[in-house]
Amino acid sequence: MKRKKMALSSDKIFDIFNYTFLILLIVIVAYPLYYVLIASISDPYEVYAGKTFLLPSKLTLEGYVRVFKEQSIATGYLNSIYYTILGTAVSVALIIVTGYCVSKKTLPFRRTIMLFYVFTMYFNGGLIPTYLVVSKLGMLNSVWALILPGGVAVFNVIVARTFFESSIPEELYEAASIDGSSNIGTFVKIALPLSKPILAVMVIFTMVAYWNDWFTALIYMSEKSRYPLQLALRQILIQSQAMASMMGNMDGGYAEANKVTELIKFASIVVGSVPMLIAYPFVQKYFEKGFMAGAVKG
């Protein structure tokens, strides 16, 4: 009886410790997001004074009004949605096909191909050669300039390859081969239906990368009407900061302009983050399973 009580007691202590640790971890991760949210609807002077630690102070929506007043925001949203959907579809298709191919032990020069892929993770031609290639291919100021140069993420290929190696029994492929299935038929009818978890992981990784990417558009896009949301928000913030500097010589002008700049900064973070926060729960149930299955072995 004493041993059972001691075991129960130790289990309770362990559970309490685990729950406490996880709650603290959630607070550490979630609080910065919450802080940005309340700062975006609070007076910046109150934020600087540390009065928005838990609750907003002197509520204002001026930051959101200034952000959404810009026509480029609506255009940027539509562009980002288009770039993200198309880029995710193309990239995930390339990653899954590549991962499946290099997972097959019958692939000639399989090890050499993987070494070539891994090499590109650490060494590349650099920005100028990449820009010249994109320019010579006639992709400047087009959606393909944002998608094709980084369409195949090697880390994601390695995760997908490991998933196919460790999670789908080789006997299924052998049975399909005996039944006369072609390589493409086996991939479409067997591998893909069993790959929902890793597909969800790849979709999340790729979708977030394309949604948050602004630097690629800055390099390859010259028309403002083609700017993604992140680049449009960056332009608004730069304009606001420039306006604050111009008003610096006016009495109280800089302080007021800087206040608006801070509001725009926090509002821009929220506006740019919300779509991904909404999309994540729809694939979250597959995320852990797929990621862990793809990380069993290298």
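One numbering rule holds for all chains: residues counted from 1, following each sequence as written. Whole-chain, interface and lining totals are the exception, using all residues; otherwise, since this is a predicted model, local features are given only for residues with pLDDT of at least 70 and side-chain atom pairs are given and counted only at 80 or more. Hydrogens and waters are ignored; side-chain quantities use all the structure's heavy atoms.

## Notes on the UniProt feature "transmembrane region" (unreviewed entry) in the chain
Logical step 1: Listed under "transmembrane region" (unreviewed entry) in the UniProt record, and renumbered for this structure, are residues 21–41, 81–102, 114–132, 144–164, 198–221 and 263–283.
Logical step 2: Elements are defined by DSSP. Helices are runs of H or I of four residues or more, strands are runs of E of two residues or more, and each kind is numbered from the N terminus. Taken end to end, residues 21–41 comprises 95% helix and 0% strand; its first and last C-alpha atoms sit 31 Å apart.
Logical step 3: Along residues 114–132, the helical share is 79% and the strand share 0%, with 26 Å between the first and last C-alpha atoms. UniProt positions are given in the numbering used here, feature names are shortened, and annotations may be inferred rather than shown by experiment.

## With respect to a nonpolar patch on the surface
Logical step 1: Any residue with relative accessible area above 30% and no salt bridge may belong to a patch, with like charges joined within 9 Å and the nonpolar Val, Leu, Ile, Met, Phe, Trp and Tyr side chains within 5 Å. All accessible-area figures derive from a Shrake-Rupley calculation using a 1.4 Å probe, and residue coverage is judged against the displayed protein chains alone. For this analysis, a salt bridge means a side-chain nitrogen from Lys or Arg found within 4 Å of a carboxyl oxygen belonging to Asp or Glu. A surface patch of nonpolar side chains, amounting to about 620 Å² of accessible area, comprises Phe17, Phe21, Leu22, Leu25, Ile28 and Val29.
Logical step 2: Position of leucine 25 among the secondary structure elements: in helix H1 (residues 2–40).
Logical step 3: The classification of residues rests on relative accessible area computed with a 1.4 Å probe and restricted to protein chains. Under 20% of the type maximum is buried, over 50% is exposed, and intermediate values are partly exposed. A residue is classified by how much of its surface remains accessible, and leucine 25, at 40% relative accessible area, is partly exposed.

## Side note on the packing of helix H4 (residues 71–103) against helix H11 (residues 196–212)
Logical step 1: Note on geometry: axes are lines fitted to C-alpha atoms, helical ones only across the stretch in contact, with angles between N-to-C directions running from 0 to 180 degrees. H11 packs onto H4 with a crossing angle of 140 degrees between their chain directions and a minimal axis gap of 8 Å. Taken together, the axes of H4 and H11 are oblique relative to one another. Handedness of the H4/H11 crossing: right-handed. Across the interface between the two elements, Tyr77, Ser80, Ile81, Thr84, Gly87, Thr88, Ser91, Val92, Ile95 and Ile96 from H4 touch Ile198, Leu199, Met202, Val203, Thr206, Met207, Tyr210 and Trp211 from H11.
Logical step 2: Each residue is assigned to one class: nonpolar for Ala, Val, Leu, Ile, Met, Phe, Trp, Tyr, Cys and Pro, charged for Asp, Glu, Lys and Arg, and polar for all the others, Gly among them. Across the contact of H4 with H11, the residue classes tally to 12 nonpolar, six polar and no charged. Note on terminology: angles under 35 degrees are roughly parallel, angles over 145 are roughly antiparallel, angles of 65 to 115 are roughly perpendicular, and the others are oblique. In this scheme the crossing of two helices becomes right-handed for a clockwise turn of the near helix relative to the far one and left-handed for an anticlockwise turn of less than a right angle. By definition, residues are in contact when any of their heavy atoms lie within 4.5 Å.

## Quick look at the confidence of the model for the chain
Logical step 1: Looking at the chain, pLDDT values average 81 and 86% of them are 70 or higher.
Logical step 2: Contacts from residues 294–298, a stretch scored under 50 in pLDDT, to residues over four places away or in other chains number 10 contacts. The predictor's confidence in any single residue is recorded as pLDDT, a number from 0 to 100.

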